[in-house]
Amino acid sequence: MKKHYLLTPGPTPVPPEVALKEALPIIHHRTSEFGAIFKDVSEGLKYVFRTQNDVFITSSSGTGTMESAVVNLLSAGDEVIVATSGNFGDRWIKICEVYGVIVHSISVEWGKAVSSIEIEKVLKANPKVKAVYTTFTETSTGVVNDIKAIGEVVSKTSAVLVVDAISGLVGQEFHMDDWKVDVTVSGSQKGFMLAPGLAFVALSPKAWGLVEESKLPKFYFDYKKYKKSLITSETPFTPPVSLIVALQEAIRMIKEHTIEQVWADCRLLAKASRAGMKAIGLELFAENPCDVVTSAKVPEDIGGKIVKILREKYGVSIAGGQGAVKGKIIRFAHMGYIGKADILVGFSCLEMVLKELGYKLELGKSVAAVQEVLLNN
Ligand SMILES: *Cc1c(COP(=O)(O)O)cnc(C)c1O
């Protein structure tokens, strides 16, 4: 028998309280019973997003809601800026290009954050730009982008700011309204401690202005349908009932703990994880590291093997690098239902795998470094 520890930046572990709700008998989605749950969940999402705007729930993984945030705001031939710092930022470019949207891309080297000053320059040079698409926590590199600073810049123009907060929401401090974000998209399987399958999107009144003009084709993800249905606490089509019932429990847990405390918890785990990496000589990959995932460089000759051996021998799942940094970095998640003890287990097993692969280290060093941070904060 092998016990499994899921320390990947999505999907993340689901608490038993939430998993049990996913197992309840299905209720019909056009009933007052479901409506009451849906209403509660919709209000709860506003608390998590830190917004007064409506938050819509759609059924898809995160990428589906990213696509919806393109087709609902734009028309073919429209100009946008995509500020990307990694694989998920690049996804905005790919989606826009599929729909004939003209992209002015601002790409930074992986491991670095996008600059609001650069965005300001490109906005000035391209006054027809209708939207700026970017990423909050870039899961592929472990970087956090300064959305507050970007919001300052974009809000002074007619363009709207669209933020992929799929991995960042819940775990990393985020304020949709105060930071002047016009569209925030997120998903269920990261900080929300839920199974994959739900996506969320919130829009400011400024963003609704673009929705009114948008001509790109859409049917299932047409925001106007979701807005209309929300009035009666429904979704336009059959929702993943079980996931929404479970989401109510997850939000209840977040509220009970308070979102501020969840942020603080992730911040501490991030600090401990960074100390753990450094203690065994692994250099951090992100220049501006986020609170939900820690990335570190690993020697290229063993880089491709670490993740597989960790999972097969110890049941510990972490993530390797994607795209250009495949085999060059490892990524440890500390969001959602990942706690202090999980981090200790992760580092302890990582050390054994590194040692087995011939990497020079003194056993226990990273564990001790993590312990020090956890004890002293
Ligand atoms: C996980 C993730 C996504 C979406 O991935 P899906 O597999 O479609 O859920 C998008 N952006 C970021 C930053 C992510 O971490």
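Definitions and limits used
- Residues numbered from 1 in each chain as written.
- Predicted model: local features only at pLDDT ≥ 70, side-chain atom pairs only at ≥ 80, totals over all residues.
- Heavy atoms only, no water.
- Helix = DSSP H or I, 4+ residues; strand = E, 2+ residues; numbered from the N terminus.
- Buried < 20%, exposed > 50% of the residue type's maximum accessible area, 1.4 Å probe, protein only.
- Contact = heavy atoms within 4.5 Å.
- Near = heavy atom within 4 Å.
- Polar contact = N/O pair within 3.5 Å; in protein donor to acceptor, adjacent residues only side chain to side chain.
- Areas by Shrake-Rupley, 256 points an atom, 1.4 Å probe, with all protein chains shown as cover.
- Phe/Tyr/Trp six-rings, centres within 6.5 Å; stacked < 30°, edge-to-face > 60°.
- Pairing = 2+ DSSP bridges.
- Axes fitted to C-alpha atoms, helices over the stretch in contact; angles between N-to-C directions.
- Parallel < 35°, antiparallel > 145°, perpendicular 65-115°, else oblique.
- Left-handed = near helix turned anticlockwise from the far one by under 90°.
- Domains from an automatic or database assignment.
- Buried area = accessible area lost by both parts, 1.4 Å probe.
- Nonpolar A, V, L, I, M, F, W, Y, C, P; charged D, E, K, R; others polar.
- Expected span 1.5 Å × (residues − 1).
- Arc of directions from axis to C-beta.
- Salt bridge = Lys/Arg side-chain N within 4 Å of Asp/Glu carboxyl O.

1. Observations concerning the overall build of the chain
- Counting its regular elements, the chain contains 13 helices and 14 strands.
- For the chain, the C-alpha atoms occupy an extent of roughly 60 × 55 × 35 Å along the three principal directions.
- Across the 377 residues in the chain, those meeting the buried criterion constitute 57%.
- Sequence-distant contacts, at least 24 apart, represent 72% of the contacts inside the chain between residues at least 6 apart.

2. Thoughts on the site of the ligand
- Lining the immediate surroundings of the ligand are 14 residues, of which S61, T63, T139, D164 and K190 lie closest.
- The side chain of D164 places a nitrogen or oxygen atom 2.5 Å from a nitrogen atom of the ligand.
- Within the side chain of K190, one N or O atom sits 2.7 Å away from an oxygen atom of the ligand.
- Taking 380 Å² as the accessible area of the ligand by itself, protein coverage stands at 88%.
- Sorting the residues of the shell around the ligand by element identifies helix 3 (62–71) and helix 4 (87–98) as the ones contributing at least two each.
- When residues in the shell around the ligand are grouped by element, the largest group, 3 residues, is from helix 3.

3. Description of the packing of aromatic side chains
- A complete count under the given rule lists 12 aromatic pairs for this structure.
- Taken together, a centroid distance of 5.0 Å and an interplanar angle of 50° make the contact between F136 and F174 tilted. With F136 in the loop between strand 5 (131–135) and strand 6 (137–138) and F174 in the loop between strand 8 (160–164) and strand 9 (183–187), this residue pair connects regions lying 38 residues apart in the sequence. For the pair F136 and F174, a shared accessibility class is recorded, and that class is buried.
- With centroids separated by 4.7 Å and ring planes inclined at 10°, the aromatic side chains of F332 and F347 adopt a geometry described as stacked. Linking F332 in strand 14 (residues 329–333) with F347 in helix 12 (residues 340–356), this pair joins segments that are 15 residues apart in sequence.

4. Notes on the sheet that holds strand 11 (residues 293–297)
- Pairing is antiparallel across the open sheet formed by 3 strands, whose spatial order is 11-14-13. At either end of the open sheet lies a strand with only one pairing partner, and these are strand 11 and strand 13 (319–320).
- Pairing of strand 13 with strand 14, which is carried by 2 bridges, proceeds in the antiparallel orientation. Paired with A319 across the bridge in strand 14 is R331.

5. Thoughts on the packing of helix 3 against helix 4
- Where helix 3 contacts helix 4, the two axes come as close as 10 Å, and the packing angle between them is 50°. On the basis of the axis angle, helix 3 is oblique to helix 4. You can see that helix 3 and helix 4 cross each other, and the crossing is right-handed. On helix 4, the residues touching T63, M66, E67, A69 and V70 of helix 3 are F88, R91, W92, I95 and C96.

6. Points about the domain arrangement of the chain
- In terms of domains, the chain is made up of domain 1 (5–11 + 259–376) and domain 2 (16–256).
- Of note, the centres of domain 1 and domain 2, computed from C-alpha atoms alone, are 28 Å apart.
- Listed by partner, the interface residues are 27 residues for domain 1 and 31 residues for domain 2.
- Surface buried jointly by domain 1 and domain 2 totals about 2400 Å² across both partners, of which 62% is contributed by carbon and sulfur atoms.

7. As for the side chain of T134
- Relative to the helices and strands, T134 resides in strand 5.
- Setting aside residues up to four positions removed in sequence, T134 forms contacts with A83, W92, V114, N145, I147, I150, L161, V162, V163 and D164.

8. What to know about the packing of helix 10 (residues 259–279) against helix 12
- Between helix 10 and helix 12, the shortest axis-to-axis distance is 11 Å and the interhelical angle comes to 15°. Taken as axis vectors, helix 10 and helix 12 run roughly parallel relative to one another. When you trace helix 10 past helix 12, the crossing you get is right-handed. In contact with L268, L269, S273, G276 and M277 of helix 10, helix 12 contributes K340, I343 and F347.
- Here the residues of the contact of helix 10 with helix 12 sort into 5 nonpolar, 2 polar and 1 charged.

9. Considerations on helix 13 (residues 365–376)
- For helix 13, built from 12 residues, the straight-helix expectation of 16 Å at 1.5 Å per residue is met to within 8% by its first-to-last C-alpha distance of 17 Å.
- Of all the positions in helix 13, only S366, V367, A369, V370, V373 and L374 are classed as buried. What you see down the axis of helix 13 is that its buried residues fit within an arc of 165°, all on one side. Opposite the buried face of helix 13, at more than 90 degrees from it, the exposed residues are L375 and N376.
- Looking at the buried residues of helix 13, the elements they touch are helix 10 and helix 12.

10. Description of the pattern of salt bridges
- Using the criterion set out here, one finds 21 salt bridges in the structure.
- Between R50 and E260 there is a salt bridge, and its shortest N-O distance comes to 3.8 Å. With R50 in the loop between helix 2 (32–49) and strand 2 (55–59) and E260 in helix 10, the pair connects residues that are 210 residues apart, well separated along the chain.
- One connected set of salt bridges, linked through shared partners, spans E43, K46 and D54.

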